[in-house]
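# Commentary on secondary and tertiary structure
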Amino acid sequence: PQQREWTATERSLLLYIETCAVDHSGKLDNRRVNADDIQILHDWDKSGLIRFGRIAFTNMRNYETLWCWLSRTAMDCAHAERRARAERLWEKRTWLQTTEGKP
């Protein structure tokens, strides 16, 4: 998975599930994934890149019914993408540092 090109949808989804794994104990917000995302998650689960499934019934909110765990490879890919995204956004920034002076 590290060697292939990721689509924009896959990159975005990878960063989203990495955030969920780190900040929300792996719980996904159903409102933030669509049918195409779910298919990608199932495909990644089948390939072993991630583990993905439904949360057993509890007293959680209605929109917290999915979970995800990233393999070491998926986590490495997410970190590489996060770094690349930061670099892309840095190059597109519309503000100047105080040390850069006026445009």
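So, a few notes on the structure that sits alongside this text. (Residues numbered from 1 in each chain as written. Predicted model: local features only at pLDDT ≥ 70, side-chain atom pairs only at ≥ 80, totals over all residues. Heavy atoms only, no water.)

Buried together is how nonpolar side chains tend to be arranged in soluble globular proteins. Formed by 22 residues in total, the largest nonpolar core has its most connected members in Leu14, Ile17, Leu28, Leu41, Trp44, Ile50 and Leu70. Residue assignment for this core shows that the elements contributing at least two residues are helix H1 (8-23), helix H2 (35-47), strand S2 (50-54), strand S3 (66-70) and helix H3 (72-91). Ranked by residue count, the leading element in this core is H1, at six residues. In contact with Leu28, other than residues within four places in its own chain, are Tyr16, Ile17, Cys20, Leu41, Phe52, Tyr63, Glu64, Thr65, Leu66, Trp67 and Cys68. (Core = buried A, V, L, I, M, F, W, Y, C linked by side-chain atoms within 4.5 Å. Buried < 20%, exposed > 50% of the residue type's maximum accessible area, 1.4 Å probe, protein only. Helix = DSSP H or I, 4+ residues; strand = E, 2+ residues; numbered from the N terminus. Contact = heavy atoms within 4.5 Å.)

A few words now on the sheet that holds strand S1 (residues 27-28). One open sheet accounts for three strands, arranged S1-S3-S2; its pairing is antiparallel. Strand pairing shows two members of the sheet lacking a second neighbour, S1 and S2, which therefore form its edges. Here two bridges tie S1 to S3, and the two strands are oriented antiparallel to one another. Opposite Lys27, over in S3, you have Trp67 as the bridge partner. H1 rests against S1, S2 and S3 of the sheet, and its axis sits at about 95° to S3. (Pairing = 2+ DSSP bridges. Axes fitted to C-alpha atoms, helices over the stretch in contact; angles between N-to-C directions.)

Glancing now at the packing of aromatic side chains. For the structure shown, the criterion picks out two aromatic pairs. Aromatic side chains Trp6 and Trp44 sit 5.5 Å apart centroid to centroid with 80° between the ring planes, which places their arrangement in the edge-to-face category. With Trp6 in the segment before H1 and Trp44 in helix H2, this residue pair connects regions lying 38 residues apart in the sequence. Neither Trp6 nor Trp44 differs from the other in exposure class; each is buried. Note on Trp90 and Trp95: the rings are 5.4 Å apart at their centroids and 85° apart in plane angle, and the pair reads as edge-to-face. A relative accessible area of 40% means that Trp90 is categorised as partly exposed. In this arrangement the basic side chain of Arg93 is found over the ring face of Trp90, its NZ or CZ atom lying 4.2 Å from the centre. Note that Arg93 overlies the ring of Trp95, its terminal NZ or CZ placed 4.9 Å from the centroid. (Phe/Tyr/Trp six-rings, centres within 6.5 Å; stacked < 30°, edge-to-face > 60°. Lys NZ or Arg CZ within 6 Å of the ring centre and 35° of its normal.)

All chains considered together, the criterion is met by six salt bridges. For Arg11, the salt bridge identified is with Glu81, shortest N-O distance 3.7 Å. Placement of Arg11 in helix H1 and of Glu81 in helix H3 is noted, with a sequence separation of 70 residues between them. Given a relative accessible area of 27%, Arg11 falls into the partly exposed group. The partner of Arg88 in a salt bridge is Glu81, with the nearest N and O atoms 2.8 Å apart. Classification of Arg88 by relative accessible area gives partly exposed; the value is 38%. For Glu81, a relative accessible area of 12% puts it in the buried group. Linked through salt bridges whose partners overlap, the residues forming this network are Arg11, Glu81 and Arg88. (Salt bridge = Lys/Arg side-chain N within 4 Å of Asp/Glu carboxyl O.)

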